[in-house]
Amino acid sequence: MSERTGTAAVQDLQLRIDGREALSADWVAAVHAVCDGAEDHAGRARITVRVSGTPDAAWTDGLTVSLVNKWERALRRLERVPSAVVAVAEGTVGGMALDVLLATDYRIAAGSLRLVLPVHDGATWPGMALYRLARHGAGVAAIRRAVLFGTPVEAAEALALRLVDEVADDPDHALSRLGARLSGLSGRELAVRRQLMSEAPSTSFEEALGAHLAACDRSLRRTDAGAAP
């Protein structure tokens with residue numbers, strides 16, 4: 001679940017996702033809570049998500065489409081939150097843990113990582129993790145095998161496919177190094193650039209130009225305001 005640590009200047013928000021557990025309203029609330037924390041701190045927050053575990057064969061018992069919809073909307077909010085969202089992934093990662101991992105900005109993996117789409121009724125679960133993997137590389141053989149057959153993606157392969165950003169012997173040390181690099185970033189401006197990047201593949205130059213010029217104008221205005229006596 002979620003917790004808050006850190007100073008008033010830069011809030012360090014943490015979310016732990018155990019993929020062995022069944023999806024529930026409490027997990028939906030935990031994702032919303034960490035997003036609330038990021039928004040409450042005016043873009044001066046960092047979110048660290050630790051993910052591990054994959055569900056057992058009975059993971060869909062009691063699951064409803066309504067709950068899945070609420071979960072996916074919470075993840076979409078996490079993807080858009082005004083904060084850098086960093087994941088640390090260890091061991092076999094599936095179910096909720098895989099969903100959240102694929103919704104983060106930067107992903108640090110331990111060497112033990114295995115990404116697995118969970119199986120239900122003899123086939124892989126057709127949730128939004130499938131969508132995110134397919135958008136990343138529907139024509140890539142390893143992703144196709146993972147989506148169609150549930151074949152695990154091991155750490156080295158995940159790195160080669162850029163499903164994770166680095167594989168580290170000491171993930172916590174890698175996280176500490178990354179935190180230093182992120183310390184001066186504005187979460188709100190990061191969110192703007194994240195959106196511009198995600199829209200670029202489906203937006204024409206003419207349509208994109210206005211949004212990019214507006215972002216440039218905001219950046220220049222912030223610089224001028226900082227330089228004013």
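For clarity, every value in this text was computed on a predicted model and none was experimentally measured. (Residues numbered from 1 in each chain as written. Predicted model: local features only at pLDDT ≥ 70, side-chain atom pairs only at ≥ 80, totals over all residues. Heavy atoms only, no water.)

A few words now on the overall build of the protein chain. When helices and strands are tallied, the protein chain shows nine helices and ten strands. Radius of gyration (C-alpha) of the protein chain: 18 Å, near the 17 Å computed for a compact globule of 229 residues. Taking the principal axes of the C-alpha coordinates as reference, the protein chain spans close to 65 × 40 × 40 Å. Out of the 229 residues in the protein chain, the part that is buried amounts to 45%. Residue pairs at least 24 apart in sequence account for 70% of intrachain contacts in the protein chain once pairs closer than 6 positions are excluded. Summing over all exposed atoms, the protein chain offers an accessible surface of approximately 12100 Å²; the carbon and sulfur share of this is 54%. (Helix = DSSP H or I, 4+ residues; strand = E, 2+ residues; numbered from the N terminus. Rg over C-alpha atoms; globule rule 2.2 N^0.38 Å. Buried < 20%, exposed > 50% of the residue type's maximum accessible area, 1.4 Å probe, protein only. Contact = heavy atoms within 4.5 Å. Areas by Shrake-Rupley, 256 points an atom, 1.4 Å probe, with all protein chains shown as cover.)

Topologically, S83 is positioned in the loop between α2 (65-80) and β4 (84-93). A relative accessible area of 0% places S83 in the buried class. Here the side chain of S83 touches A45 through a polar contact of 2.8 Å, landing on its backbone oxygen. Among residues more than four places away in sequence, those in contact with S83 are A38, A45, R46, I47, D105, G187, L190 and R194. (Polar contact = N/O pair within 3.5 Å; in protein donor to acceptor, adjacent residues only side chain to side chain.)

A grouping of F205, L209 and L213 is seen on the molecular surface, where their side chains present a nonpolar patch of about 320 Å² in accessible area. Structurally, the position occupied by L213 is in helix α9 (residues 205-227). Judged by relative accessible area, L213 falls into the exposed class, the value being 51%. (Patch = residues over 30% accessible without salt bridge, like charges linked within 9 Å, V, L, I, M, F, W, Y side chains within 5 Å. Salt bridge = Lys/Arg side-chain N within 4 Å of Asp/Glu carboxyl O.)

Here we come to helix α5 (residues 141-149). Of all the residues in α5, the buried ones are A142, I143, A146 and V147. Projected down its long axis, α5 carries its buried residues within an arc of 130°, all on one side. Structural note: α5 exposes L148 and F149 on the side pointing more than 90 degrees away from its buried face. Looking at the buried positions of α5, the neighbouring elements they touch are β8 (123-124), α4 (128-137), β9 (153-154) and α6 (155-160). (Arc of directions from axis to C-beta.)

Treat this as a map of the structure, not an account of what it does.
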